[in-house]
Amino acid sequence: MGKKNSRTTNTLFNFTSSMGGQFVTIVMQFITRTVFISTLGKSYLGINGLFSNILTMLSLAEFGVGSAILFKLYEPIARDDRHRIAVLMKFYKDVYRIIGIAVAGIGVCLIPFLPFLINDYDKLQALHINAVLIFILYLLKSVSSYLFFAYKSAIVKANQKEYLINVISYGFTIGSGLVQIIFLLLFENFQIYVLISVISVIAQNIACARLSDKMYPYINEKTDDKVSWSEVKGIFKDCAALFLYKLNNFVLKATDNIILSKFIGLEIVGVYSNYYIFYTTIRTLFNKVFNSVSHSLGNLHTGHNKKHEYQIFEAVDLITIILGGTTCVGVFIVANEFVLAWIGTEWVLPQPFSLLMGMELYTLAIRLMLSKYRTTMGLFQQAKYRPVAGMIINLIVSITLVNHWGICGVLVGTITADWTTYMWYDPMIIHKYGFGESFPVVQYYIKNLKYLVIVALIGAVDWMICTHILTDLGWISVIAHAMICAITVPVTLIAISVRTPEGQYVYKLSMGYVRKITKKLLKRG
């Protein structure tokens, strides 16, 4: 297995690989999107967003098996019980194959309903866009994730080495993006564009599987031992709870394009998708950041030192607020300027759209952090019906407001559902069951409310500054205003929190990393 890194070293590697690689990926995504818009246009952009959302719905068939198995892997990895790990991985493989077949079957059954889901279906036929063929390609992309060894990457992640998976992922993302750009410019063919994406996903899964086999060859151990029936029932009981969370996540966001397509049309989906790329990119970044620490948190939770674990929880919460606050203010102020400089006035959505998207991303950061903590603590059952309330609230508010407030009404539905369910209930579950009520949740609520007010005040000040200096200068305005947000939000929050225990912890940890990196650079020099 090679030399083991410390928990903090693995976390640092995971974090830095996520941040660095994601920056390159963001650049590639925007270049690819620019070529896509110039060669194919709004209708293809709309159908791309719609089918992506439909296939996200089909991913619900995963039922949360991945998260449940990852939780089960933490303990045998800590004990280096290789036989137990091999048994769990074999179970994981069998379940994923069944899921892949199920996703394929459900996807095929959805094909006759495409005219109902797409408001402009007749227009697509007039433009000779084969919606069925495109949907089948997207379905193949989704199914390939289950049938081509994707499960094997779990062992690398559970061993806190997700940075290796990140490197492979970024390499394929950049490579497939370059190939897509070339083929779009040469042929302007959407089917080829999607096919390249399918091939890339399959090749990436195979590459990750080979890495897993090389690092942990014992996962392929031939054994007749199986996960006991009682444990299988326990795993699927946890999966049932996780499924509700996944279903809630789908309803919260993935239904946006479906609702917009049904009630307004594909063109608004195309316009929205240019902003949605901010959401998906930042969500991916948040996920990678929290994934980079979640496996270390799972390892930490096996140590049963509640005081130290809570200290880490408060530090991660502060980092989350800094990330979410910076993103919120940045998107609010810069998103419209970015789209205007990037592709022109006709693609810009008026305020308060970008304000609402900023608020949604702030909420997302906190929700993802809480979700990672709840999952690494194995708290699958304690709030399993709460997502149902979130789904109902989101659908009612979104469908009600979309006819009166358009696309902004859909975002209000998502934000409302989050704040009335996740944002107050998950902290209570984590404090009660994860930390054994050793630390009062009321302090968490007060602290996070204080930070929310501070972020709102910083956003108001930055808005006044950015609407009066360096305006209407294209990319100069975008860069200047983005830098203002990127500096003012973190600096203010760090200055306010530096005397708190979590602020001190984050500061000392950061300085320790800086010293470690500086020492290594000096040695190489």
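Counting starts from 1 at the beginning of each chain's written sequence and moves along it residue by residue. Since the coordinates come from a predicted model, pLDDT governs what is reported: local features require at least 70, and pairs of side-chain atoms require 80 or more to be given and counted, while whole-chain, interface and lining totals use all residues. Note: side-chain values were computed over all heavy atoms of the structure, leaving out hydrogens and water.

## A look at the overall build of the protein
Numbering of helices and strands runs from the N terminus, with a helix taken as a DSSP run of H or I at least four residues long and a strand as a DSSP run of E at least two residues long. A count of helical and extended segments in the protein gives 21 helices and 0 strands. Each residue is placed in one exposure class: buried if its accessible area under a 1.4 Å probe, protein chains only, is under 20% of its type's maximum, exposed if it is over 50%, and partly exposed if it falls in between. Counting the 525 residues in the protein, one finds 54% classified as buried. The contact criterion used is simple: two residues touch if any of their non-hydrogen atoms lie within 4.5 Å. Residue pairs at least 24 apart in sequence account for 85% of intrachain contacts in the protein once pairs closer than 6 positions are excluded. Total accessible area computed for the protein in this model is approximately 23,100 Å², and 67% of it derives from carbon and sulfur atoms. A 1.4 Å probe and the Shrake-Rupley method give the accessible areas. Residues count as covered only by the protein chains that appear here.

## Examining the packing of aromatic side chains
Note on aromatic contacts: the rings of Phe and Tyr and the six-membered ring of Trp form a pair at centre separations within 6.5 Å, being stacked when their planes are under 30 degrees apart, edge-to-face when over 60 apart, and tilted otherwise. All told, the structure shown has 21 aromatic pairs when counted by the stated rule. Each ring, one from Phe36 and one from Phe190, has its centre 5.6 Å from the other, and the planes form 90°; the classification is edge-to-face. With Phe36 in helix 1 (residues 7-39) and Phe190 in helix 10 (residues 190-215), this pair connects stretches of sequence that are 154 residues apart. Exposure remark for Phe36: the relative accessible area of 1% places this residue in the buried category. Both rings, one in Phe190 and one in Tyr193, keep their centres 5.8 Å apart while their planes meet at 20°; by these two values the pair is stacked. One end of the pair is Phe190 and the other is Tyr193, both in helix 10 and 3 residues apart, which spans about a single turn. With respect to burial, Phe190 and Tyr193 carry one shared label: buried. One aromatic cluster in this structure is built from Tyr310, Phe313, Tyr373, Phe435, Phe439, Tyr444 and Tyr445. Lysine NZ or arginine CZ positioned within 6 Å of the ring centre and within 35 degrees of the ring normal marks a charge as sitting over the ring. For the cation-ring pair, Lys450 lies above Tyr451, with the distance from its terminal atom to the ring centre recorded as 4.9 Å.

## Considerations on helix 18 (residues 422-434)
Turning to helix 18, its buried residues are Tyr422, Met423, Asp426, Pro427, Ile429, Ile430, His431 and Gly434. Following helix 18 by one or two positions, Gly436 adopts a phi angle in the positive range, close to 60°.

## Some words on the nonpolar core
One broad trend across soluble globular proteins is that nonpolar side chains are buried collectively. Counting 75 residues, the largest nonpolar core has Leu260, Tyr272, Phe313, Phe353, Met357, Tyr373 and Leu493 as the members making the most contacts within it. Take this core: its biggest share by element is 19 residues, from helix 14 (residues 306-343). Ignoring any residue separated from it by four or fewer positions in sequence, one finds Leu493 in contact with Ile321, Ile322, Tyr451, Ile454 and Val455. To qualify as a nonpolar core, a set must consist of buried Ala, Val, Leu, Ile, Met, Phe, Trp, Tyr and Cys residues joined through side-chain atoms within 4.5 Å.

## Quick look at the pattern of salt bridges
Any Lys or Arg side-chain nitrogen found within 4 Å of a carboxyl oxygen on Asp or Glu counts as a salt bridge. Tallying each qualifying case throughout the model produces 9 salt bridges. Where Lys447 meets Glu314, a salt bridge forms, and the shortest distance between an N and an O atom there is 3.0 Å. Here Glu314 lies in helix 14 and Lys447 lies in helix 19 (residues 441-466), a separation of 133 residues in the sequence. When the shortest N-O distance is used, the salt bridge between Arg367 and Asp418 registers 2.9 Å. In this pair, Arg367 is assigned in helix 15 (residues 353-376) and Asp418 in helix 17 (residues 407-420), connecting sequence segments 51 residues apart.

## Focus: a nonpolar patch on the surface
Only residues whose relative accessible area exceeds 30% and that form no salt bridge enter a patch; like-charged residues are grouped when within 9 Å of one another, and nonpolar side chains (Val, Leu, Ile, Met, Phe, Trp, Tyr) when within 5 Å. A grouping of Val461, Trp463, Met464, Ile465, Ile469, Leu470, Leu473 and Ile476 is seen on the molecular surface, where their side chains present a nonpolar patch of about 700 Å² in accessible area. For the nonpolar patch, the element with the highest residue contribution is helix 19, accounting for 4 residues. Within the secondary structure, Leu473 is located in the loop between helix 19 and helix 20 (475-497).

## Points about the environment of Tyr216
Within the secondary structure, Tyr216 is located in the loop between helix 10 and helix 11 (229-254). Note: C-alpha distance between Tyr216 and Lys152 (64 residues apart in sequence) is 9.8 Å.

## Here's the deal with the side chain of Thr32
Position of Thr32 relative to the elements: it lies in helix 1. For Thr32, a relative accessible area of 7% gives the class buried. Apart from the residues lying within four places of it in its own chain, the contact partners of Thr32 are Gly177, Gln180, Ile181 and Tyr193.

## Description of helix 20
Given the number of residues in a helix, its expected span is that number minus one, multiplied by 1.5 Å. Along its 23 residues, helix 20 runs 33 Å from first to last C-alpha, staying within 8% of the 33 Å computed at 1.5 Å per residue. Regarding helix 20, the residues found buried are Ser477, Val478, Ala480, His481, Ile484, Cys485, Val489, Pro490, Leu493 and Ser497.

## Brief notes about the packing of helix 15 against helix 18
Where helices are involved, their axes are fitted lines through C-alpha atoms of the stretch in contact, as for all axes, and angles between N-to-C directions lie from 0 to 180°. Following both chains from N to C, one finds helix 15 and helix 18 inclined at 25°, their axes separated by 10 Å at the closest point. Taken together, the axis directions place helix 15 and helix 18 in an arrangement best described as roughly parallel. Taken as a pair, helix 15 and helix 18 cross one another with a handedness that is left-handed. Contacts from Thr363, Ile366, Arg367, Leu370, Tyr373 and Arg374 of helix 15 reach helix 18 at Tyr422, Met423, Asp426, Pro427 and Ile430. Residues are sorted three ways: Asp, Glu, Lys and Arg are charged, Ala, Val, Leu, Ile, Met, Phe, Trp, Tyr, Cys and Pro are nonpolar, and all the rest, Gly among them, are polar. For the contact of helix 15 with helix 18, a count of residues per class yields 7 nonpolar, 1 polar and 3 charged. Here the angle decides the label: under 35 degrees means roughly parallel, over 145 means roughly antiparallel, 65 to 115 means roughly perpendicular, and every other value means oblique. Rotating anticlockwise by less than a right angle from the far helix to the near helix defines a left-handed crossing, while the corresponding clockwise rotation defines a right-handed one.

## Here's the deal with unusual backbone geometry
Each neighbour pair has its own omega, and for Gln351 with Pro352 the value is 15°, a cis peptide bond. Residue position: Pro352 is located in the loop between helix 14 and helix 15. A positive phi angle, close to 50°, is found at Glu188, a residue other than glycine. Note on placement: Glu188 falls in the loop between helix 9 (162-187) and helix 10. If you check the backbone angles, Asp472 has positive phi at about 55° while not being a glycine. Note that Asp472 resides in the loop between helix 19 and helix 20. Given a relative accessible area of 75%, Asp472 falls into the exposed group.

## What about the state of the cysteines?
Cysteine sulfurs are considered disulfide-paired once they come within 2.5 Å of each other. On inspection of all chains with the given rule, the structure shows 0 disulfides. Considering cysteine sulfurs only, Cys466 is the nearest to Cys485, which forms no disulfide, with 5.1 Å between them.

## Side note on the packing of helix 9 against helix 10
Running from N to C, helix 9 and helix 10 cross one another at 160°; their axes reach a closest spacing of 9 Å. In this view, helix 9 runs roughly antiparallel relative to helix 10, as classed from their interaxial angle. Between helix 9 and helix 10 lies a crossing whose hand is right-handed. Contacts from Leu164, Ile165, Ile168, Ser169, Phe172, Ser176, Val179, Gln180, Phe183, Leu184 and Phe187 of helix 9 reach helix 10 at Ile192, Tyr193, Ile196, Ser197, Ser200, Ala203, Gln204, Ala207, Cys208, Leu211 and Met215. For the contact of helix 9 with helix 10, the per-class residue count stands at 16 nonpolar, 6 polar and no charged.

## Digging into the confidence of the model for the protein
The quantity known as pLDDT measures the predictor's confidence residue by residue, on a range of 0 to 100. Model confidence for the protein is summarised by a mean pLDDT of 80, while 80% of its residues fall at 70 or above. Between the elements of the protein, mean pLDDT differs from a low of 67, seen in helix 2 (residues 42-58), to a high of 94, seen in helix 19.

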